[in-house]
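Take a look at the letters that make up each chain.
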Amino acid sequence: MQNAYFVTSSIAGGKSSFIKIVQNLGFDTLSADVIAHELLNENANFIAKLFNNDDLLIAGKIDRKKLGTIVFNDLNAKKKLEDFLHPKIKEVILQKAQILDKSNKAFFIELPLFFENNHYQNLGKSILIYTPKELLLQRLMQRDNLDENEALKRIDLQLDIEEKLKKADFVIKNTSGYENFEKNVLNFLKHTLKVEK
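**Student:** Just checking my understanding: could you explain the overall build of the chain for this structure?
**Tutor:** When you go through the chain residue by residue, the secondary structure sums to nine helices and seven strands. For 197 residues, the compact-globule estimate of 2.2 N^0.38 gives 16 Å, and the chain sits close to it at 17 Å. Dimensions of the chain, computed from C-alpha atoms along their principal axes, come out at roughly 50 × 40 × 30 Å. Burial statistics for the chain: of 197 residues in total, 45% are counted as buried. Put simply, the chain shows about 11000 Å² of open surface, and 47% of that area lies on carbon and sulfur atoms. Placing the 29 positive and 27 negative side-chain charges of the chain at their respective mean positions leaves the two points 4 Å apart.

**Student:** Any chance you could explain the packing of aromatic side chains here in plain terms?
**Tutor:** The way to describe two aromatic rings as a pair is by their centre distance and the angle between their planes. Evaluated as defined, the whole model comprises nine aromatic pairs. For the pair Tyr 5 and Phe 108, a centre-to-centre distance of 5.8 Å together with 35° between the ring planes defines the contact as tilted. Linking Tyr 5 in strand S1 (residues 4-8) with Phe 108 in strand S5 (residues 107-110), this pair joins segments that are 103 residues apart in sequence. Phe 108 matches Tyr 5 in its accessibility class, with the two residues each being buried. Aromatic side chains Phe 170 and Phe 188 sit 5.5 Å apart centroid to centroid with 65° between the ring planes, which places their arrangement in the edge-to-face category. Separated by 18 residues along the polypeptide, Phe 170 in strand S7 (residues 170-173) and Phe 188 in helix H9 (residues 178-192) bring together distant segments of the chain.

**Student:** It is not clear to me how the environment of Ser 103 should be interpreted in this structure. Could you clarify?
**Tutor:** Tracing the sequence through the fold places Ser 103 in the loop between helix H5 (75-101) and S5. On the accessibility criterion, Ser 103 (38% relative accessible area) is partly exposed. Within the structure, the side chain of Ser 103 is placed 2.8 Å from the backbone oxygen of Leu 100, a separation counted as a polar contact.

**Student:** What's the story with the pairing of S1 in this structure? I'm lost.
**Tutor:** The side chains of a regular strand alternate, residue by residue, between the two faces of the sheet. Along S1, five of the five residues are buried, which leaves the element largely enclosed by surrounding structure. On S1, burial covers both faces: Ala 4, Phe 6 and Thr 8 on one face and Tyr 5 and Val 7 on the other are all buried. Strand direction decides the pairing type here: S1 and strand S6 (residues 125-130), joined by four bridges, are parallel. Looking at the pairing, Val 7 lines up with Ile 127 of S6.

**Student:** Could you clarify how one ought to interpret the sheet that holds S7 in this entry?
**Tutor:** Strand pairing in a sheet takes place through backbone hydrogen bonds and is either antiparallel or parallel in direction. Taking strand neighbours across the sheet as the criterion, the five strands line up as S2-S5-S1-S6-S7 in an open arrangement whose pairing is parallel. Each edge of the open sheet carries a strand with a single partner, namely strand S2 (28-31) and S7. Going across the sheet, the axis of each strand differs from the next one's by a mean of 25°, ignoring polarity. The pairing of S2 with S5 spans four bridges and is classified as parallel. Bridge assignment links Asp 28 to a residue of S5, and that residue is Phe 107. Where helix H1 (residues 15-24) meets the sheet, it contacts S1, S2, S5, S6 and S7, and its direction lies at approximately 155° from that of S5.

**Student:** Just checking my understanding: could you explain helix H2 (residues 32-42) for this structure?
**Tutor:** Along an α-helix, a turn takes 3.6 residues, which lines up residues three or four apart on a common side. Restricting attention to buried positions, one finds in H2 the residues Ala 32, Ile 35, Ala 36, Leu 39 and Leu 40. Around the axis of H2, the buried residues are gathered within 140° of arc, so they sit on the same side. Those residues of H2 hidden inside the fold are in contact with S2, helix H3 (44-50), strand S4 (61-62), helix H4 (64-72), H5 and S5. At the N-terminal end of H2, a side-chain oxygen is found 3.3 Å from the backbone nitrogen of Asp 33, two or three residues along, and the residue is Ser 31.

Conventions adopted
Residues numbered from 1 in each chain as written. Predicted model: local features only at pLDDT ≥ 70, side-chain atom pairs only at ≥ 80, totals over all residues. Heavy atoms only, no water. Helix = DSSP H or I, 4+ residues; strand = E, 2+ residues; numbered from the N terminus. Rg over C-alpha atoms; globule rule 2.2 N^0.38 Å. Buried < 20%, exposed > 50% of the residue type's maximum accessible area, 1.4 Å probe, protein only. Areas by Shrake-Rupley, 256 points an atom, 1.4 Å probe, with all protein chains shown as cover. Lys, Arg positive; Asp, Glu negative; His and termini not counted. Charge placed at Lys NZ, Arg CZ, Asp CG, Glu CD. Phe/Tyr/Trp six-rings, centres within 6.5 Å; stacked < 30°, edge-to-face > 60°. Polar contact = N/O pair within 3.5 Å; in protein donor to acceptor, adjacent residues only side chain to side chain. Pairing = 2+ DSSP bridges. Axes fitted to C-alpha atoms, helices over the stretch in contact; angles between N-to-C directions. Contact = heavy atoms within 4.5 Å. Arc of directions from axis to C-beta.

Here it is, written out as structure tokens:
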């Protein structure tokens, strides 16, 4: 896909902020997380059975916090969920992305695990939102009200940010507040993608 840019970072790194900025500028976007949430709810009963846990259901939908507690603390449970969800997420992303690609304009796909799973590498360029690990830890603890051990556990489930840095096609730094990050995004669009907005 000529016009697809996959946006990734570590957890709490700034993917969603990037997506909001480009949406406000009129770009089309897709989010693997949004698609995953929809799929979780569409398959809520199946997932509760998969984990043999009816407590995961609230009014017919998946309690994502309870599910998160399970998968972040059990690698087998995480794999079980990913084996079910990832092929379905990819199918939806590809369907939607192929339609967007025909418009011949850049569009952005928010994909947290771009480097962790190899299903997307040849489909578009990667943009890494870069935040060093210490700062990720602070932000995640603050954002999700986690203690240091819990936050580190979640960060360490993903590929190390410095490894992602070596693999990314493009890098945008998110190290010093929202205003600076927004400037970095606008500079990237202007100078790298040659997009004037």
